[in-house]
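Notes for the structure review
Okay, here's what each chain looks like letter by letter:
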Amino acid sequence: MNKRLLLFNIIFYAITLTFYYKGKQDPSSSLGYGFIIIGFWGIALVALIFLLTKKVIQPKTILDKISIVTATPLLCVVAVGLIMTFNDTATSEWYFNKGNHRYKVLTFDYRETGSRKRIEYYKSSETVNVNDPFVNIDKWVKDSTWVYFSKSGDTTKTIKYKDDLQIK
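The present account deals with the structure reproduced in this document. (Residues numbered from 1 in each chain as written. Predicted model: local features only at pLDDT ≥ 70, side-chain atom pairs only at ≥ 80, totals over all residues. Heavy atoms only, no water.)

Bridge analysis of strand 3 (residues 116-124) against strand 5 (residues 144-149) gives 2 bridges, and the strand direction is antiparallel. Bridge pairing in strand 5 links arginine 118 to tyrosine 148. Where strand 5 and strand 6 (residues 155-162) come together, 6 bridges link them in antiparallel fashion. For tyrosine 148, the partnering residue across the bridge sits in strand 6 and is lysine 157. (Pairing = 2+ DSSP bridges. Helix = DSSP H or I, 4+ residues; strand = E, 2+ residues; numbered from the N terminus.)

A separate point is helix 1 (residues 3-25). Taking 1.5 Å of rise per residue, 23 residues should cover 33 Å, and helix 1 covers 33 Å from first to last C-alpha, within 8% of that figure. The inward-facing, buried residues of helix 1 contact helix 2 (30-53), helix 3 (62-70) and helix 4 (73-86). Between the side-chain oxygen at the start of helix 1 and the backbone nitrogen of arginine 4 there is a gap of 2.9 Å, and the oxygen is on asparagine 2. (Expected span 1.5 Å × (residues − 1). Contact = heavy atoms within 4.5 Å. Polar contact = N/O pair within 3.5 Å; in protein donor to acceptor, adjacent residues only side chain to side chain.)

Enumeration over the complete set of coordinates arrives at 3 salt bridges. The residue arginine 116 makes a salt bridge to aspartate 109 at a minimum N-O spacing of 2.7 Å. Notably, a salt bridge pairs glutamate 120 with arginine 118, separated by 2.6 Å at the nearest N-O pair. Judged by its relative accessible area of 7%, glutamate 120 falls in the buried class. (Salt bridge = Lys/Arg side-chain N within 4 Å of Asp/Glu carboxyl O. Buried < 20%, exposed > 50% of the residue type's maximum accessible area, 1.4 Å probe, protein only.)

Turning our attention to the nonpolar core. With 13 residues, the main nonpolar core has Phe12, Trp41 and Leu48 as its most contacted residues. Where this core is concerned, the elements lending two or more residues are helix 1 and helix 2. With 5 residues, the single largest contributor to this core is helix 2. For tryptophan 41, the contacting residues outside a window of four places in its chain are Phe12, Thr16, Pro73, Cys76 and Val77. Judged by nonpolar contacts, the second largest core, of 10 residues, contains Tyr122, Ile137, Trp140 and Tyr161. (Core = buried A, V, L, I, M, F, W, Y, C linked by side-chain atoms within 4.5 Å.)

Listed below in structure tokens is the structure:
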């Protein structure tokens, strides 16, 4: 395999994954990181075309040609599409403070219909200081009544939790 092409791939994925994980760590800035990733992909694509036209990178084998395809956002887009197909992500997140704890409410919807799938409730494992109510919470425990819905909107089951333990 062409060493320059391998290096280009390594740098491409290192930068892409770095921005992805930065956005994952701070959800409030994830949209900004998304735009940065798209901008970087554009720059990388122009750089790859430039290196190919100037013959700095010359693909000779079938592996080199596959490496050119993997050095573009195509593989990332396909991977994200596959992950989104099988991944269940919250469509809504809501936070509030009550009784010296921060609560997090996650809502999940069915992709096909957009109707509610389930609602999950979490409580911060540690108390929240009234003077600094917006401190980052590292550990959440299941709390309150989780509600599950069918695609038609009917309640299929409810599970009660208290401090991460299921109540029968």
